[in-house]
Amino acid sequence: MPGSQRVRLATAGARAETVGALGQQPAGERSRSYAFHALLLLMLSVAVLGLAILLIDAFVEGLPRFGIDLFTEGTSALPEESGFLNAILGTLFLIGGVIVMTVPLGVGAAIYLEEYADRERWWNRAIEVNIQNLAAVPSIVYGILGLGVIVRGPLDLGFVVLAGSITLALLVLPTVIIAAREAIRAVPPSIREGSLALGATQWQTVRRQVLPASIPGITTGVILAISRAIGETAPLLLVGAAVFVSFNPSGFFDGYTVLPVQIFTYFSRAQDEYIVLAAAGIIVMLALLIAMNSFAIWLRNRYEQKW
Amino acid sequence: MKKHKLLVAFPTVLALAFGVAACGGDDEASSASGEEVSGELAVDGSSTVAPLTEQVGALFQEENPDTRVTVGTAGTGGGFERFCAGETDISDASRQIEPEEEKLCQENGVEFEEIVVANDALSVVVNPDNPVTCMSPDQVSEIYGPDADATSWGDIQGLDAEYDEELAIFSPGSDSGTFDYFTEAVNGEEGKSRTQDVNVVGENDNATVTGVAGDPGGIGYFGFSFFNENQDQLKALEIENEDGECVAPAEETTQDGSYNPLGRQLYIYPSAEALQRPEVQEFIQFYLDSLGEVIPQAGFIPLTDEQLSESQQNVENLLSGGGGSGQGG
Amino acid sequence: MEARDAIAASGLAAGTPRPRLEAARPRYGERVIKALLALCAVLSIVTTVAIVVSLVGPTVEFFREVGIFDFLFGTNWSPTISPESYGVLPLVIGTLSVTLWGLIVAVPVGLGAAIYLSEYARPRVRKLLKPTLEVLAGVPTVAFGFFAFSFVTPVIQDIWPGFLGDEPNVFNAGAAGLAIGLLIVPIIASISEDAMSAVPAGLREGAYALGASKMRVALRVVFPAALSGVVASIVLGVSRAVGETLVVLMAAGNTPNLDLTFSESVQAITAYIGVVATGDISTQSLEYNTIFAVGLLLFVVTLGMNLLSIRLVRRYREVYE
C-alpha cells in the first residue's frame, strides 16, 4: 500500500494504543474540539460572506443603471447621459503601454535571474531582495515617483497616457518578474542539460527550449499582473491630473482617464445618480477582470505542461 | 503550434479593440455654426466654477469634435499659479485675482482678461435636522474662526441650546477661492481659519455635501450650485446681512445685493496668448452665448442683464483685436 | 556550463576523440545577450533608486523650513490653512486607527482560514475557500472603498448600540478599517498557510500518535512551529493596510485626529496624499513638498516592515527545507 496510507494506519494504531493506555481524554476535550472546529468555520464564513456581500452590494446598487450605454457614452454633464467610454479607452491605451513595457523587461529580468545569474554573487542576491521589496511598496509611492520624476522632473512628460503607463509598468514589473521566474523555474533541468549536451549555447537553449516551455506560465502571470494594474487607482490620481475628461485619448501624449479613476470621480459626487453610476462602473470593471482571470486560468489548465 | 496561435490571438483581439474603439464611439454632432475649430484647451482653477466650465466644455466639444477641453480643479489659487506659469489657457476663479498673483503673471509675461460669467451666493449649509435657520457672520465665526473652539451646536451664542449635536466641520483647502472669500467675509481676514477638528476636503466640495448631509451636526460652505443641486439633502442657512436681516441665498437676493457679505461673482480669466488661437476665441464666445442655457441647468445664479451686456462687450472688444492688457475688469 | 564540461569530460574518459562542443570562436553574441538581460534585472535597482531620489530631494527642502522634531512629533497637521502647522502625528494615528480595526478582522479570519486549509480542509470546502481568497485578492480597491462607504457605514450606524457613545459619522475610521481588514485576509491566510504546510508531517503524526486531538495538534504543534511565518504574514498585512489609499480616501474622511477612534472621521497618511493630489499639485512650494515628506515616511515604514517579513519567512523556510 502507498507510503502515506501506511503512515496513517500506523499513526492511528499508535494513537489507539496511547489513548487506551492513558485512559480517557481530558474532560471536555471533545466539545472543545467541536467548538474550535465551529470557530474556524465561522472565520471562513466571514471571509466568504464578506466577499459575497461586497459583490452583491455593488451589483444591487449598480444594476438599475447598467446598460449598453455605459460602454458607448463618454462623460457628460448629466449623469443619465454619462458612460464609461472615455475611461475604458483610456484603460486600454494605458494597459497597452504597460504590456509593451513590462513583458520584455520582466521576462528578460526573469531569464537573467534564473538562467544566467550566479546566486553566490552579492549583487544578484541584492537584486532579488530588491524585487521582493518593490513588490510590496505601497502603490501611492509609485504615484509620487511618477509625479516627481516622470510627469515633472527629469522626464517631464506632463499628465499624459505615457507617463501613466510608465508609472504602472514600474509598479507591476516586480510581480511580472516573480511570476515569470516561477514559470521558468518549473522547466526541469533535464531539458536544459539535454539541449546543452547537443551543443547549443545557453541563449539557444533559453530561446528554443526553456522559453517556449514556460510561455503559458509567463502569460498567466502577465495576465494576473495586468489585472492588478487595471484596478490600480491611487498612483494614477497623482499622475493623471485632469479630473474631468470627456474625450477619448488619441495617442500616448494625450490626457486621459481610466476606469477605476472614473469610478472614483463619479463616486465623489454627492448626487445619488452618480453613486449609482459608480456602482455600475464597478460592475463593468469586475466583469472585465473576471473575463481576464478566467482566460488566464483556462490558459493555465489548457497548456500546463506536465513534466 | 497551437499555443502560439492562441497567444498571437490575444494581442490581436486587443489591437482590434483599440481600432474599433478609436474609430467608433465618437459623437457625430454636426456643427451648428458651420466652421469647426480644433485644438486643446487647458482650463484649471476654482472647483466652484468648474461644473459650469465642464458643461460648457462638453457642449463645445459636441459642436467641435476635434477639440479637447480639460477642466482641472486645483482651486482658484492653484489655478492662478499654473495660469501665471503659462501652463493653462484659462483660469476659473471664484474670487478676483490678487495683487501677488498679478505680479507673478507680470513676471512671467502672462497677460490676461477678466470676464464675469455668473453670480454666486456662497452658501453655508447644515443638516436638514438642524432647527437653526439664521446665523450672523459672527456666529459663523464662532465655528470657523482661527481661535474658535466650539465643539457642539450648544456652544454657539444665541442659538437653540436644545440642539446640542457635536459639530462636524467641513472646510475647503486654502487654495480655494471660496475659502479666501469666506474667511475674509466671516473671520475678517483672508486665509485665517480654524484648524482643529476640521475636515478639510480640499477641492472636493461633494465631500462636504455628503458629510453635512450624513451628520446631524454637520456644517460646511461652498458655491450656490452645490446647494442647489442637493437641496433634498441639505439646508442652507439664512445669513444676517449688514442691515440685520436674515437673507437666504437665492437668485434674487444675490442679484440685488441683499445676500451679503457672502454674495459674489464668478470669473474666467483667459490669457492673451491663448486668445490668439481660434479655438480659444470660439470657446470664449461660446461660453457667453451658452450661459443662458447652461447656468440654469448647472444650478448657478445668472448674471443680471447689465452684467451680461458688460461681459459681452468685454468679449467683443477682446475678439476684435483690441482688448485690455492684463488688468482685471 | 557544468553540464557541458561533464559531458565533454565523459567523452574524454571514454577515450574516443570527442567532437568539439565549444564554439570555434568565442560567441560575443552570447555576452551581449547576457548583458541585455542583466540590464533588465538592473532596472529594478534603478526603480528603487528613483523612488528614493524622488522622495528624498523635496523632503530635504521641506526639512529646511520645518524642523524634523516638529514634523515627527507635532500634534497639529494643518499644511494649508494658516497658521500652518506640520505635525504629522494626527496622520500617523489616523493610519493606526484604521489599521487596528483592519487587524481585528483580518487576523482571526486569516489565521482561521489558514489553519482550516492546512489541517482540516476537506476537498469540498477547499474548492470553495481557495477561489474565494484568490477573488478577494483580485478585487480592486475602489470596490472595497465603495463597499465601506455605501454598505458598512450605514450598517454600523444602524446597529450601533447606545452605550458605545455617539453614532459613527458618515466618514469614520471603523468602516474603512473593516473593509481593509477584509482586503488583507488573503495575505495573512496564504502566507500563514504556506508556513503551516511546511511543518513536517512527522511532527503532526507524532502528536496524533500520542493521542492529541486535531485542535491540539493545530494549536500546540503546527501553530508554534509555523509562528515565524504567521508573524511574517501579519507584518505584511499591516504593511499593506498602512499603504492602502483608496479605501480611506472614500470612507474615512479627512479630519486630522489625535484620537484612536472607530466612529470619528480621521485622516490617514495615504488619504492626505490622495487629497492633495486631486487638488493643487502644481508648484514647488512647502505644501507641495509635504507630499514627499509624508511619502518618505510611508516608504520607510513599509520598507522596514517588508524587510522584517522577508527575514521571518526565510527563517521558517530554512528550518524546514
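These numbers were taken from a predicted model, which means no experiment stands behind them.

### Details of the interface of chain A and chain C
Quite often, the size of an interface is put as the accessible area lost when its parts meet.
Stage number 1. Each partner contributes residues to the interface: chain A has 82 residues there, and chain C has 85 residues.
Stage number 2. Carbon and sulfur atoms supply 77% of the area that chain A and chain C bury against each other, a total of about 7300 Å² over both sides.
Stage number 3. On the chain A side of the contact with chain C, Leu54, Ile144 and Phe267 of chain A bury the most area, a combined 8% of that side's loss.
Stage number 4. Between the two partners, chain A and chain C, sit 0 salt bridges.

### A word on the pairing of strand E3 (residues 90-93) of chain B
Residue and element names in this part refer to chain B.
Stage number 1. Burial along E3 is two-sided: Ile90 and Asp92 facing one way and Ser91 and Ala93 facing the other are all buried.
Stage number 2. Relative to E3, strand E1 (residues 39-45) runs parallel, the two sharing 3 bridges. Directly across from Asp44, in E3, lies its bridge partner Ser91.
Stage number 3. With 4 bridges joining them, E3 and strand E13 (residues 263-270) adopt antiparallel strand pairing. In the sheet register, Ser91 faces E13, and the bridge partner there is Tyr269.

### Considering the side chain of Thr48 of chain C
Stage number 1. Structurally, the position occupied by Thr48 of chain C is in helix H2 (residues 28-65).
Stage number 2. In this structure Thr48 of chain C touches Asn130 and Leu134 of chain A, once residues within four positions along its chain are discounted.

### So, a negative patch on the surface
Stage number 1. A cluster of acidic side chains, namely Asp129, Asp147, Asp149, Asp155, Asp164, Glu165, Glu166 and Asp197 of chain B together with Asp158, Asp166, Glu167 and Asp259 of chain C, defines a negative patch on the protein surface.
Stage number 2. Relative to the helices and strands, Asp197 of chain B resides in the loop between helix H6 (177-187) and strand E8 (198-202).

### Some thoughts on the nonpolar core
The nonpolar side chains of a soluble globular protein tend to be buried with one another.
Stage number 1. Met135, Ile143, Trp153, Phe182 and Ile219 of chain B are the most contacted members of the largest nonpolar core, which totals 233 residues.
Stage number 2. The element best represented in this core is helix H12 (residues 272-303) of chain A, accounting for 15 residues.
Stage number 3. Not counting residues up to four positions away in its chain, the partners in contact with Met135 of chain B are Val140, Ile143, Trp153, Ile156, Leu159, Leu237, Glu238, Ile239 and Glu240 of chain B.
Stage number 4. Counting 44 residues, the second-largest nonpolar core is a separate cluster that includes Val49, Ala118, Val280 and Leu291 of chain B.

### Re the environment of Ala114 of chain C
Residue and element names in this part refer to chain C.
Stage number 1. By the secondary structure assignment, Ala114 is in helix H4 (residues 89-120).
Stage number 2. Through-space distance from the C-alpha of Ala114 to that of Asp194 is 8.3 Å; in sequence the pair is 80 residues apart.
Stage number 3. Ala114 has contacts with Ala189, Ser192, Glu193 and Met196, leaving out every residue within four places of it along the chain.

### Observations concerning the confidence of the model for chain C
Residues and elements named next belong to chain C.
Stage number 1. For chain C, per-residue confidence averages 86 on the pLDDT scale, and 89% of positions sit at 70 or higher.
Stage number 2. Here helix H1 (residues 2-14) stands out as the element of chain C with the lowest mean pLDDT, 56, in contrast to H4, whose mean of 94 is the highest.
Stage number 3. As scored by the predictor, the complex reaches a pTM of 0.86 and an ipTM of 0.88.

### Regarding unusual backbone geometry
Stage number 1. The amide bond that connects Asn260 of chain B to the next residue, Pro261 of chain B, takes the cis arrangement and shows omega of 0°.
Stage number 2. Note that Pro261 of chain B resides in the loop between helix H9 (251-255) and E13.
Stage number 3. Positive phi, normally seen in glycine, also occurs at Asp156 of chain A, with a value near 50°.
Stage number 4. Tracing the backbone shows Asp156 of chain A in the loop between helix H6 (139-151) and helix H7 (161-185).
Stage number 5. Judged by relative accessible area, Asp156 of chain A falls into the exposed class, the value being 54%.
Stage number 6. Despite not being glycine, Asp197 of chain B has its phi angle at roughly 60°, a positive value.

### As for the sheet that holds strand E4 (residues 115-121) of chain B
Residue and element names in this part refer to chain B.
Stage number 1. The strand order across the open sheet built from 5 strands is E2-E1-E3-E13-E4, with neighbouring strands paired in mixed fashion. What marks the edges here is a single partner per strand, and that holds for strand E2 (67-71) and E4. Ignoring which end each strand starts from, the neighbouring axes of this sheet average 20° apart.
Stage number 2. The pairing of E1 with E2 spans 5 bridges and is parallel. Of the residues in E2, the one forming a bridge with Val43 is Val71.
Stage number 3. In the packing of helix H3 (residues 75-84) onto the sheet, contacts are made with E1, E3 and E13, and the angle to E3 comes to roughly 160°.

The rules behind each value
All residue numbers here refer to positions counted from 1 along the written sequence of the relevant chain. Whichever chain is written first is A, and whichever ligand is written first is 1; the rest continue in order. It should be noted that, the model being predicted, local features are given only for residues of pLDDT at least 70 and side-chain atom pairs only at 80 or more, the latter also being counted only at that level, while totals for whole chains, interfaces and linings use all residues. To get the side-chain values, take all heavy atoms of the structure and skip hydrogens and water. By the convention used here, residues are in contact when the closest approach between their heavy atoms is within 4.5 Å. In short, buried area is how much 1.4 Å probe accessible area vanishes from two parts on joining, totalled over both. Each reported salt bridge corresponds to a side-chain nitrogen of Lys or Arg within 4 Å of a carboxyl oxygen of Asp or Glu. Buried residues are those whose accessible area, probed at 1.4 Å on protein chains only, stays under 20% of the maximum for their type, while exposed residues exceed 50% and partly exposed ones sit between those limits. Secondary structure elements are defined from DSSP: runs of H or I of at least 4 residues count as helices, runs of E of at least 2 residues count as strands, and each element is numbered from the N terminus. Strand pairing is assigned whenever DSSP identifies at least 2 bridges connecting the two strands. What makes a patch is a set of residues exposed beyond 30% relative accessible area and free of salt bridges, joined within 9 Å when like-charged and within 5 Å when nonpolar (Val, Leu, Ile, Met, Phe, Trp, Tyr). Note on areas: these come from Shrake-Rupley sampling with a 1.4 Å probe, and a residue is covered only by the protein chains present in the view. Counted as positive: Lys and Arg. Counted as negative: Asp and Glu. His and the chain ends are not counted at all. Where a charge sits is defined by one atom per residue type, namely NZ (Lys), CZ (Arg), CG (Asp) or CD (Glu). Definition of nonpolar core: a set of buried residues of the types Ala, Val, Leu, Ile, Met, Phe, Trp, Tyr and Cys, connected through side-chain atoms within 4.5 Å. Summary of the metric used: pLDDT quantifies the predictor's per-residue confidence within the range 0 to 100. Each axis is a line fitted through C-alpha atoms, and for a helix only the stretch in contact is used; angles between axes span 0 to 180 degrees, taken between their N-to-C directions.

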